[in-house]
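Chain by chain, the residues run as shown.
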Amino acid sequence: MDLGLDGKVTVITGASSGIGYATAALFAREGARVVICARRPDVGADAAGKIAAETGREVGFLSVDVTRPADLDRLVAHVTDRHGRIDVLVNNAGTGTYKPFLEVTDEELVYGMEINFFAQFRLTQRFVPLMIAGGGGSIVNVSGETGIRVTPPPFLSSATGPAKAAEIRLSKILAAELGPKGIRVNVVVPGLILTPERFAKWEREMAKSELDEEAAAETRLEWGAGISLPGHRWGTPEEIASAIAFAASERSGFTTGAAIVVDGGDDKS
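This report concerns the structure included in the present document. Quick caveat, the model's predicted, so the values are computed rather than measured.

### Some points on the packing of aromatic side chains
Under the counting rule described, the total for this entry stands at two aromatic pairs. Seen in terms of ring centroids, Phe117 and Phe118 are 5.9 Å apart; in terms of plane orientation they differ by 55°. Their pairing is tilted. For Phe118, a relative accessible area of 32% translates into the label partly exposed. Where Phe117 meets Phe121, the ring centres are 6.1 Å apart and the plane angle is 65°; that geometry is what we call edge-to-face. Residue Phe117 and its partner Phe121 are located together in helix 4 (residues 106–133), separated by four residues, close to a single helical turn. According to the relative accessible area criterion, Phe117 is buried, its value standing at 17%. Site record: aromatic cluster; members linked through ring pairs are Phe117, Phe118 and Phe121.

Written out as structure tokens, the structure reads:
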């Protein structure tokens, strides 16, 4: 299926690994003019180089900390100077913190809002004028399952779940406000997605240890017990990337304000 992404100037945050990397690679394969950003300059530049080598497409990279407004300004200036427009914005950067409510520090609470909700709000606000000037576009925000449901232990998410919920509400509000200006806004809500870096973080926070391969497999099975698919398997970054690309593409032209849940039928409530 031709998604109609060829030549589309696309900015993807948090794209040095995991869902962001898979999304950038897919957009590049579809012919988009991709700009990725991430905090770590060496890792981000390496990711851009790998995607370019895999796809034969030029992939731009800028080192950006999405919690810093000055970095967001620099990203917008870079895209404006280099491309003169933006067609697709994928707000993927974010994180989850899982610990009991009474153990959440003020620093964790503030950072959870900054890297998740504030970053999406601020960057979207900065890019929308350029998108309007170009005749419209598509914005896809990436949230998480803690934004739509109360997850059971060990996925205790009072630190970042409210920020994920705010991302979903913001997406729906912006869809209504920006629709008349030719801008669609949707949000993809992943469930348990297996990325090595993220799972290692969960091990430290929830399993309270670094797990060997056998123990990690058992833990993933336990945590994914509610997933409906055979083997209770976790999702892959590539599966989320496909949902993001569809939401951003012309093939979903009548879809806006949607929260697209991609969680394997997980029945956590």
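### Digging into the pattern of salt bridges
What the rule picks out here adds up to eleven salt bridges. Linking Asp46 and Lys50 is a salt bridge whose minimum nitrogen-to-oxygen distance equals 3.4 Å. Pair noted here: Asp46 and Lys50 are both in helix 2 (residues 41–55), with a separation of four residues, about one helical turn. The exposure class assigned to Asp46 is partly exposed, which follows from its relative accessible area of 42%.

Basis of the calculations
- Residues numbered from 1 in each chain as written.
- Predicted model: local features only at pLDDT ≥ 70, side-chain atom pairs only at ≥ 80, totals over all residues.
- Heavy atoms only, no water.
- Phe/Tyr/Trp six-rings, centres within 6.5 Å; stacked < 30°, edge-to-face > 60°.
- Buried < 20%, exposed > 50% of the residue type's maximum accessible area, 1.4 Å probe, protein only.
- Helix = DSSP H or I, 4+ residues; strand = E, 2+ residues; numbered from the N terminus.
- Salt bridge = Lys/Arg side-chain N within 4 Å of Asp/Glu carboxyl O.

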